[in-house]
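Survey of secondary and tertiary structure
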There are 2 protein chains.
Amino acid sequence: MKKWVPAASGLLAGFMAATVFFADFSTGPKGTASNDTANKSNAEKVYVPYGELDEYYMLSSGGHSGQLFVYGLPSMRKIRTVPVFTPDPATGYGFDTKSKEMLGGYTWGDFHHPAISETDGEYDGKFVFANDVANNRIAAVDLSTFHTADIMEMPNMGGPHAGTFVTQNTEYIVMPTRFSVPIGKEYAPLDEFEEKYKGVVSMVTFDQEKKDFDLAYQIMLPPWSYDLSDAGKKVSGDWIVMTTYNTEFATTNNEINASQNDRDYIVLLNWKELEKKVAAGEYEEVNGAKMIDPRKHKGSIYALPVAKSPHGVDVTPDGTRFIASGKLAPLMTVFSFEKAFEAIKAGDFETEKFGIPVLPYDKVVEREVDPPGALGPLHTQFDDRGNAYNTMFISSEIVKWKVETGEILDRTPVHYSPGHSTATEGDTASPDGKWIVSLNKIAKDNFLSVGPSHPESMELIDISGDKMSLTYTAPVDPEPHYAQTIHRDKIKTIKIYEKDENREHSVWKQEDTRIERKGNEVHVYGIAMRSKFVFDAKAERPDEIKVKQGDKVIIHLTNIDLDQDITHGFGIMDHDLNYEVQPGQTSTIEFTAEKAGTFPIYCTNFCSALHQEMSGYMLVEPK
Amino acid sequence: MKKWVPAASGLLAGFMAATVFFADFSTGPKGTASNDTANKSNAEKVYVPYGELDEYYMLSSGGHSGQLFVYGLPSMRKIRTVPVFTPDPATGYGFDTKSKEMLGGYTWGDFHHPAISETDGEYDGKFVFANDVANNRIAAVDLSTFHTADIMEMPNMGGPHAGTFVTQNTEYIVMPTRFSVPIGKEYAPLDEFEEKYKGVVSMVTFDQEKKDFDLAYQIMLPPWSYDLSDAGKKVSGDWIVMTTYNTEFATTNNEINASQNDRDYIVLLNWKELEKKVAAGEYEEVNGAKMIDPRKHKGSIYALPVAKSPHGVDVTPDGTRFIASGKLAPLMTVFSFEKAFEAIKAGDFETEKFGIPVLPYDKVVEREVDPPGALGPLHTQFDDRGNAYNTMFISSEIVKWKVETGEILDRTPVHYSPGHSTATEGDTASPDGKWIVSLNKIAKDNFLSVGPSHPESMELIDISGDKMSLTYTAPVDPEPHYAQTIHRDKIKTIKIYEKDENREHSVWKQEDTRIERKGNEVHVYGIAMRSKFVFDAKAERPDEIKVKQGDKVIIHLTNIDLDQDITHGFGIMDHDLNYEVQPGQTSTIEFTAEKAGTFPIYCTNFCSALHQEMSGYMLVEPK
C-alpha cells in the first residue's frame, strides 16, 4: 500500500498489466430482463433465465468485510466478491507480491461508499472508488478487470466516512473525515479537543492511465464529524456539500452529547476556487500535505445550518438543489444552490465559525418536507420524473415525493431499518427510474436463520410506475452501506489478459521455463497450463521445485491458456500460500522456505478433467 | 488451532458459550416455496416472496476461499458466508482471541467436502464438518450458531482431499490423504517415492458436547492418491470406500504418468474391525498417532480394481451398492457390497498390494453403465425412486439412470463442466428427490462479466418429475467443490446468546464495567449497547480507553442488547482490529499499543439510529 507522500512515486503505478479483448454485451445474442413489460408477476420480473443477463450491475460496499460486492439486477444474484481492503485466498489477493504490497499489512478495511467514475455527471463505468473508514485509505477498482488497481493511505485523517464521492468529471474524489483527531493523530488528551482536534477533507486525484492516486490538497475544518458528502452537477458542478454532526464538540457519550444542538451544519466547498488557491500557494504544508486553513485562507468555504444530526446530503440530478435529511428530525430539507450563491454573492452571513461564513438558513432553504409519521430520514435517491425517494430508518419505509413541490406521492414499508438505497443510475445527471434497492440494516426473520449473526437485507422495489412495488428481497453478508447501480452497457470488461511477450517475468513457451539460483534466492520462471505446472522443462521432473532450507523463493507464474474462464491456482501445502493466474496473466509470489521437508504443490482452481493431476512437489533440503 | 496431540487437551473445548432460544420455523407463520405444485413456471418455482422462507439450506464448500457458503433453495440466494479456515473481518472471525487461536496463524484453507453430522444415516442438522486440503485440517461448524466450533491439524497427512465424510452415526469423520508424502513430511527425494512416501487415512472423532475433535487412529496406505470416500449405510454401515488414482507411483507429469494403468483401485475399510484392532493394541505409534499398517496388521482392509483414475465413489441410499465413476473412462461402475463381503469371506483374492488383499473385479462388479457419448463421469447423487444422477465433466451434462437396471432415463445439459452435484437430502438414507444443483466449474458468459476472473455457476434442476428440468442458474464465488442440501426443519438455530452472568469476563450492568491495570497489561471489562460503548462507567469519559505506549491491551466486550439481530462491531482506527459481539455474546480482543497517539474507536456494524454516535477514543500516551 502507498502511504501518500508529497511527491508520489510511480513505483506502484498499476496492479494489472495492459489489457485487451473487451466483452461487448450490446452486440451479443443475449436478451434483457427488465421491468418495463406490462403485467409481469414479481416472480417474472426478477427471473433471469439461462441465456439472458441481468440488466444492471449493483456495485455495493461490503462494509467491514472490506470488499466490493457485485450483484446483478433485477435477479439480485450475487455475481462476485471483489477483494479491495481484505486479503482473499479465493482469488489470491493479498498473497501475490503486488497485491500484498498494495494492502500494506492491513487485513481488513471498512468500505462504506462506492463511487463510480463519472464523465459529464454520468457513470462512465471505468473505475469504482472505495473508502476505508478504519484505516484512512482510498482504493480504485478497475472495472475492465474488476481488480483493485491502487490503494493509498492518507495523512491527517480520522476516518474518511464521508467519501468516496466524485466530482462530475472525476476531477476529484472527495474524502472528508468522520472523527476529528489531532492532526497526524499525535497524542492529545480529549480535554484539548476544541483546540487540538480537527476535521480534514482530502481532495484526491486519480490518473486513469497510470491507475495512480495522488492527494491534491486537504482542507482543515473544525472538530465536527463529517458524515456524508456529494458533488454538485451542472450549475453547481464546482461545488461539494457535506453534512456535519457533533458541532457540540462532545468528547464522550455522543449519543446524548452530540445531539444537543437544534441545528448542525452543511459545509459547502467550491473545489475549483480552492484549486486556484492551492496553485497560488495559499496553503500550509502539514505532514507533507497542502493544507487550506479557512481561518487563514479565506473564501470558497461556507456553512449552512441544517436540521440536527443530518446523515445524508444529495444533489438533485439537475444540480439545482441539495437535500439533507435530519436523522433526529422527522424531515427532509430542500436547499437551493441558486439561493446559496446569491447569499454568498451578497455577503449575507449570519456568523462565522472557524473562519467559515455561515449562511442564513432562511435565505437558502427552499422547502421542508415532513411526511406525517415518517421518522429517521437518512438518504435520498432520484428517478427520471423529478421525484425523490427517501429511506426512513426508524419508520422502516421509503417515501416518494416530488422535489419541485414537496408533495408526498407514495410510501412503502421495507424490512427493516433502511440505511442507504440505490436507484438505477441513481447518482447521475439522468437516473432512469426503473428500480431502487433498499439496503436494510435489520433482517430479523426474513431469511432462513443462520444463528445470532444475521445477514442484512436488500429489497428490490419497482419504481417504474406511479406507485412503488416491492418486488424481491435478497440477503447479503455484512455489510453494505451504499451501492451504485449502473447499466450493463456501460461496463466493458476484458475476457483474458493479453499475451505480452515483453512482460517482465513472463514465460510463454515450455522450453523457456527455468529455475535460477542467485545466492540464497531461487527464482522460478514457470508456466501453468492444462493440466500441469512447468517450472523447468529441462529438469528430470519439470514440476518439482528443489530449494534449500532458508532460501528465499520467488515464483513467477504465467497462465498460457489463453481461453476464457480457464484459471489456474497455485497452492503449497503447509505454507499458508495460495494465489491464482487468470488466462494470460503473470503473477509472482515470494516466501522463505523455513521448514525442511516435502510439500505438495497443486492447482487450487478446478481447471480441467485432469485438474487433480495438476500437481508437483517442493522439496526443501535441510540445512 | 489445535495440532492434534496424543492426549488432546480440553482447553479449546468450545468456541462459543452455551446457547438457548431456538428458532422454530415449523410453528412459525411463514409458508414454504416448493416445486411440488403443478404447472408452476420456472420463475414461480424459484421465487420466494417476502414473508416466506426457502425450503432447504445448501451448505457448500467455498474451496480455496476457506469458507462455508450457505445458500437457500429453491431461490438460490446466498444467505451467509460462514468463515471457517480464513479470517473474516465482516464477523471478526480470526480477530478475536479465541478464533485467532483456533486458526493458528493460517490465513486460508482449501475446503472441499462438507459433511453434515448424521444419525441413522440421516442428516441431523447439528454440525457440518470441513476439510482443509492445503493445511491438513478439519473443522466443525455448529449449526445452532453457524459458527466454527473447533479446528484440528492432523499429523502424517498430505492433503485430506478425500474428506470429510461421516459414518452413519457420526462415529468417525473420515479424512484420507490426497498427496502421498513421507510420513511427517520430512525431506525425502522423489527418487525414494515408492519406498518412503505413504498415503494415510485419519479416523477422526468429534465430541458433540465438548465440541472437540480427536484423532482416533490412522491407517497407512501405499503412496497412491486418495480422491474421494464415502461411508456405508445399513448393511454396509461398518464400511468405508475410497477411490485411488496414481497407482502408477508417478512423481512427475501426472497428467500423463498417473493415467497409464487401465485400472486403479477402490479401497474398502471396515472401521468397526479396525477400531477393535486399535483397542487390542494392534498398531504402531507414529508421531503420536496410532497407525495401522496393513503389512503388519492384516485384515479389514481390501482393494478392488476400478475403471482408471476414478474421482467419486458414492454409496446408494439403501447401503447395498457403491458406484464409482472413472473420469478417464466413459462409464460408471456399480459394485455390490454383498458380493464384496462374499469374496472376502471366501478369501477370493487375485493378488495383494502393500499387504492389502485385492478382490477380483468380476466377482464384485454388478454392472457397468455407459451412456452413449457421455464423457467424464465424476460423482453420483440419488433420489427417492431408485435413480442415480451423474455429473459428466467433459460432456457437460447430468445423466439420470436406474440403479437396479442401469437403464438411462434422461440426460440434461449443464453450463459447463460440472464437478459434484448436490441433491436435496442427497447423501442420506432417504433422499427426497426434489432438486439437484449442478456445481459447474466453468461459467463462460452465463452472467454479467466481471473480467477475466469468472464466478462459478450453480444450476438448479427440478428432479421431481420423470424428466429433469433446468430451473435456474446462479453465480457463486470461487469455489464450491461439494455441497450438502438439508431440509430447513432439521436445523435449529439460536437467535441470541444466553445472558449468563457467570460467564468469564462478561459484564451485564453499566456500573460493573471497569478498566484494570496489572503491570503493563490493561484489562477492559466493557459493554456494547445501543448506542454507546461503556468501558468504565465511573470514569469522566466512560467510552475512553487510556493506556501507555507498549501496554498490552485486553478488551472483553459483552453485547447486552438481548434483541435479535442487534449486533455491535468494535473497530480501532489504524490498528487493523475489528470484531463483533452478537446479542448476549462476550468476546475478547488483545493487542499491544505500539503507537502513541489518538485513535477513534467505533461501532462497525450499523445498530441504531444513533449508530454514528456509538464511538469513543483510545488515547495512547507516549513512552
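Everything below is about the structure printed above this text.
Quantities reported herein were computed from a predicted structural model and do not represent experimental measurements.

Topic: the overall build of chain A
Check the secondary structure of chain A and you find seven helices and 46 strands. Buried residues in chain A amount to 70% of all 623 residues. Long-range pairs, those at least 24 residues apart, make up 60% of the contacts in chain A between residues at least 6 apart in sequence. For chain A, the exposed surface amounts to about 18,400 Å²; the carbon and sulfur share of it is 48%. Across chain A, the mean location of the 63 positive side-chain charges is 2 Å away from that of the 92 negative side-chain charges.

What to know about the pattern of salt bridges
The tally for this structure, following the rule as stated, stands at 70 salt bridges over all chains. Ionic pairing is found between A:Asp293 and A:Arg295, a salt bridge with its closest N-O pair at 2.9 Å. The partner of A:Lys444 in a salt bridge is B:Asp563, and the shortest N-O contact between them spans 3.3 Å. Here A:Lys444, found in the loop between strand E33 (435-440) and strand E34 (456-462), pairs with B:Asp563, found in the loop between strand E41 (552-559) and strand E42 (568-572), and the two come from separate chains. Residue classification places A:Lys444 among the partly exposed positions, given a relative accessible area of 23%.

Concerning the interface of chain A and chain B
Reports of interface size often rely on the accessible area that becomes lost once the parts have come together. Taken together, the contact pairs 152 residues of chain A with 152 residues of chain B. Summing both sides of the interface, chain A and chain B together bury roughly 12,800 Å²; the carbon and sulfur share of this comes to 55%. Between the two partners, chain A and chain B, sit ten salt bridges. We note a salt bridge from A:Glu613 to B:Lys327, for which the minimum N-O separation is 3.0 Å.

Concerning the side chain of B:Ser421
Counting through the fold element by element, B:Ser421 comes out in strand E32 (residues 418-423). Setting aside anything within four residues of it in sequence, one finds B:Ser421 in contact with B:Gln381, B:Thr391, B:Ile398, B:Ile436, B:Val437, B:Ser438, B:Leu439 and B:Tyr482.

Structural notes on the pairing of strand E46 (residues 615-621) of chain B
Residues and elements named next belong to chain B. Of all the seven residues making up E46, six are buried; the element is thus mostly covered by neighbouring parts of the structure. With five bridges joining them, strand E40 (residues 544-548) and E46 adopt parallel strand pairing. If you follow Ile 545 over to E46, its bridge partner there is Met 618. Sheet topology note: the strand E45 (residues 597-602)/E46 ladder contains six bridges and is antiparallel. Directly across from Gly 597, in E46, lies its bridge partner Val 620.

Focus: the relation of the copies chain A and chain B
When chain A is fitted onto chain B, the two copies agree to an RMSD of 0.0 Å after a turn of 180 degrees and an axial shift of 0.0 Å. What the superposition gives is, in effect, a two-fold axis relating one chain to the other. No C-alpha of chain A approaches the rotation axis more nearly than that of A:Ala43, which lies at 2.7 Å. Both copies contact each other with a shared surface, as 100% of the interface residues of chain A are interface residues in chain B too.

Examining the environment of A:Val365
Residues and elements named next belong to chain A. The residue Val 365 is located in strand E27 (residues 365-369) in this model. Once the C-alpha coordinates of Val 365 and Pro 83 are considered, the two residues, 282 residues apart in sequence, prove to be 42 Å apart. Setting aside its immediate chain neighbours within four residues, Val 365 contacts Thr 333, Val 334, Phe 335 and Lys 339.

Details of unusual backbone geometry
Cis rather than trans, the peptide bond between A:Arg530 and A:Ser531 has omega equal to 0 degrees. As for its position among the elements, A:Ser531 is in the loop between strand E38 (521-529) and strand E39 (532-534). Put simply, B:Pro478 and B:Glu479 share a cis peptide bond, and its omega is -10 degrees. With respect to the secondary-structure elements, B:Glu479 resides in the loop between strand E35 (469-476) and strand E36 (483-487). A positive phi is found at B:Asn253, a non-glycine position, where the angle reads about 45 degrees. Here B:Asn253 is to be found in the loop between strand E17 (239-245) and helix H4 (254-257). In this model, B:Ser309 sits at a positive phi of 45 degrees, which is unusual for a non-glycine residue. For B:Ser309, the position within the fold is in the loop between strand E21 (301-307) and strand E22 (310-315). Residue class for B:Ser309 comes out buried when judged on its relative accessible area of 0%.

Observations concerning the sheet that holds strand E24 (residues 332-336) of chain A
All names here are of chain A. Strand order in the open sheet formed by four strands is E22-E23-E24-E27, and the pairing between neighbours is antiparallel. Where the open sheet ends on each side, the last strands, each with one partner, are strand E22 (310-315) and E27. Across the sheet, the mean angle separating the axes of adjacent strands is 20 degrees when strand polarity is ignored. As defined by bridge partners, E22 adjoins strand E23 (residues 321-326) across four bridges and the pair is classed as antiparallel. In the sheet register, Pro 310 faces E23, and the bridge partner there is Gly 326. Along the sheet, helix H6 (residues 337-346) makes contact with E22, E23, E24 and E27, crossing E24 at roughly 55 degrees.

Focus: the packing of aromatic side chains
According to the stated counting rule, one finds 52 aromatic pairs over all chains in the structure shown. Arranged with centres 5.3 Å apart and planes meeting at 45 degrees, the rings of A:Phe179 and B:Tyr602 form a pair that is tilted. Within this pair, whereas A:Phe179 is found in the loop between strand E12 (173-176) and strand E13 (181-182), its partner B:Tyr602 is found in strand E45, the two belonging to separate chains. Here the two residues A:Phe179 and B:Tyr602 agree in accessibility, since each one is buried. With 5.0 Å between their ring centres and 20 degrees between their planes, B:Trp224 and B:Tyr265 make a pair best called stacked. One end of the pair, B:Trp224, is in the loop between strand E15 (212-221) and strand E16 (225-231); the other, B:Tyr265, is in strand E18 (residues 263-270), with 41 residues separating them in the sequence. Accessibility assignment for this pair places B:Trp224 and B:Tyr265 in one class, buried. Joined through ring pairs, the aromatic side chains of A:Trp239, A:Tyr302, A:Phe322, A:Phe335, A:Phe337, A:Phe341, A:Phe349 and A:Tyr361 make up one cluster. The ring centre of B:Phe69 lies 4.0 Å from the NZ or CZ of B:Lys78, which sits over that ring.

Conventions adopted
- Residues numbered from 1 in each chain as written.
- Chains lettered and ligands numbered in written order.
- Predicted model: local features only at pLDDT ≥ 70, side-chain atom pairs only at ≥ 80, totals over all residues.
- Heavy atoms only, no water.
- Helix = DSSP H or I, 4+ residues; strand = E, 2+ residues; numbered from the N terminus.
- Buried < 20%, exposed > 50% of the residue type's maximum accessible area, 1.4 Å probe, protein only.
- Contact = heavy atoms within 4.5 Å.
- Areas by Shrake-Rupley, 256 points an atom, 1.4 Å probe, with all protein chains shown as cover.
- Lys, Arg positive; Asp, Glu negative; His and termini not counted.
- Charge placed at Lys NZ, Arg CZ, Asp CG, Glu CD.
- Salt bridge = Lys/Arg side-chain N within 4 Å of Asp/Glu carboxyl O.
- Buried area = accessible area lost by both parts, 1.4 Å probe.
- Pairing = 2+ DSSP bridges.
- Least-squares fit on C-alpha atoms with pLDDT ≥ 70 in both.
- Axes fitted to C-alpha atoms, helices over the stretch in contact; angles between N-to-C directions.
- Phe/Tyr/Trp six-rings, centres within 6.5 Å; stacked < 30°, edge-to-face > 60°.
- Lys NZ or Arg CZ within 6 Å of the ring centre and 35° of its normal.

The values reported here are purely geometric and, on their own, carry no functional implication.
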